[in-house]
Amino acid sequence: MSDSSASSAQSPAPVVLDVWCDLQCPDCRDALADLHTLRARYGDRLELRLRHFPLEKNKHAFAAAQAAEEAAEQGSAWPYIEAVLGRVEELKGEGEAFLVKAARELGLDAEEFDTALIDGRHILIVDADQAEGKAIGVTGTPTYVIGGERLDGGKSQEGLRERIEEIADRLLAATA
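Each value, and the rule that gives it
Residues numbered from 1 in each chain as written. Predicted model: local features only at pLDDT ≥ 70, side-chain atom pairs only at ≥ 80, totals over all residues. Heavy atoms only, no water. Helix = DSSP H or I, 4+ residues; strand = E, 2+ residues; numbered from the N terminus. Expected span 1.5 Å × (residues − 1). Buried < 20%, exposed > 50% of the residue type's maximum accessible area, 1.4 Å probe, protein only. Contact = heavy atoms within 4.5 Å. 1 Å grid on protein atoms, 1.4 Å probe; cavity = no way out; pocket = protein on both sides within 12 Å on 5 of 7 lines; lining within 4 Å. Points joined across faces, edges and corners; volume = space filled by probe spheres on them. Patch = residues over 30% accessible without salt bridge, like charges linked within 9 Å, V, L, I, M, F, W, Y side chains within 5 Å. Areas by Shrake-Rupley, 256 points an atom, 1.4 Å probe, with all protein chains shown as cover. Salt bridge = Lys/Arg side-chain N within 4 Å of Asp/Glu carboxyl O. Lys, Arg positive; Asp, Glu negative; His and termini not counted. Charge placed at Lys NZ, Arg CZ, Asp CG, Glu CD. Phe/Tyr/Trp six-rings, centres within 6.5 Å; stacked < 30°, edge-to-face > 60°. Lys NZ or Arg CZ within 6 Å of the ring centre and 35° of its normal. Axes fitted to C-alpha atoms, helices over the stretch in contact; angles between N-to-C directions. Parallel < 35°, antiparallel > 145°, perpendicular 65-115°, else oblique. Left-handed = near helix turned anticlockwise from the far one by under 90°. Nonpolar A, V, L, I, M, F, W, Y, C, P; charged D, E, K, R; others polar.

Peer 1: Please give an account of the environment of A40 that cites residues and values.
Peer 2: Looking at where A40 falls in the secondary structure, it is placed in helix 1 (residues 26-42). Residues A40 and A116, 76 residues apart in the sequence, show an inter-C-alpha distance of 33 Å.

Peer 1: Provide a residue-level description of helix 8 (residues 160-175), including the pertinent values.
Peer 2: Compared with the 22 Å implied by 1.5 Å per residue over 16 residues, the 23 Å span of helix 8 between its first and last C-alpha is a close match. Regarding helix 8, the residues found buried are L160, I164, E165, I167, A168 and L172. Contacts made by the buried residues of helix 8 are with strand 1 (15-21), helix 1, strand 3 (143-146) and strand 4 (149-152).

Peer 1: Talk me through unusual backbone geometry; I want residue IDs and the actual numbers.
Peer 2: Geometrically, the link from T141 to P142 is a cis peptide bond, its omega value of -5 degrees lying close to zero. Structurally, P142 is set in the loop between helix 7 (123-135) and strand 3.

Peer 1: Describe empty space enclosed by the protein, and please don't skip the residues or the numbers.
Peer 2: What the rule picks out here adds up to one cavity of 30 Å³ or more. The computed volume of the largest cavity comes to approximately 30 Å³. Surrounding the largest cavity, V19, C21, C28, A31, L35, L50, W78, I81, L85 and P142 form its lining. Residue assignment for the lining of the largest cavity shows that the elements contributing at least two residues are strand 1, helix 1 and helix 3 (77-85).

Peer 1: Would you mind going over a negative patch on the surface in detail, with residue names and values included?
Peer 2: Taken together, the side chains of E96, D109, E111 and D114 make up a negatively charged region of the molecular surface. Along the polypeptide, E111 turns up in helix 6 (residues 110-119).

Peer 1: With reference to specific residues and values, describe the packing of aromatic side chains.
Peer 2: Tallied over the entire structure, the rule returns one aromatic pair. Judged by centre distance (5.1 Å) and plane angle (40 degrees), the rings of Y80 and F113 are tilted. Highlighted residues: Y80 in helix 3 and F113 in helix 6, separated in sequence by 33 residues. Classification of Y80 as buried rests on a relative accessible area of 0%. Judged by relative accessible area, which is 1%, F113 ranks as buried. A cation sits over an aromatic face here: R39 above W78, 4.6 Å from the ring centre.

Peer 1: How would you explain the packing of helix 5 (residues 96-105) against helix 6 if you had to name every residue and give the values?
Peer 2: The angle between the axes and the distance between the axes are what describe a pair of packed helices. Contact geometry of helix 5 with helix 6 gives a least axis separation of 8 Å together with a crossing angle of 150 degrees. Viewed along their axes, helix 5 and helix 6 adopt a mutual orientation that is roughly antiparallel. Here helix 5 runs over helix 6; the crossing is right-handed. In contact with E96, L99, V100, A103 and R104 of helix 5, helix 6 contributes A110, F113, D114 and L117. The residue makeup of the contact of helix 5 with helix 6, split by class, is six nonpolar, no polar and three charged.

Peer 1: Now, about the pattern of salt bridges: what can you tell me, with residues and values included?
Peer 2: All chains considered together, the criterion is met by 20 salt bridges. A salt bridge links R39 to E82; its shortest N-O distance comes to 2.9 Å. One end of the pair, R39, is in helix 1; the other, E82, is in helix 3, and 43 residues separate them in sequence. Given a relative accessible area of 30%, R39 falls into the partly exposed group. Residue R163 pairs with E166 through a salt bridge whose shortest N-O separation is 2.9 Å. Pair noted here: R163 and E166 are both in helix 8, with a separation of three residues, about one helical turn. Connected via shared salt-bridge partners are D34, R41, R161, E162, E165 and D169.

And the structure:
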């Protein structure tokens, strides 16, 4: 969900951090602070990629993942993701109506969101992410993958940002 073609030929490719996420997950909401810190520290040198891993226990997570893909199509992936994660209780209570409301609040085409949720145009992307996550051993959210290393944040966020920074620093030093 980012555009790396804008980087110049002289800057090294950014380090990729895949964030396996359930948009109805309170632990994923809590991880937003760490993601903001990482963005501030690394800027364009770290590419954050949201990967969908809706958990069965969260009734509206699969629809939220589809809505996030619609937001990406409309050019507002991360603002939408953060808006939904910041209000997981509303998502839990209101379901798909909340997803459309959040789109409208961000100035996105809410009717297109509603249509996308009905016609399922983004289901294959969500299914593919979930299958890949299962294949690499993701079992809970958030789970991070950076430099081939999987870090499970579903049980505790304690120390994870620091570990991500250690790996990112090492990878960036290797490309410098």
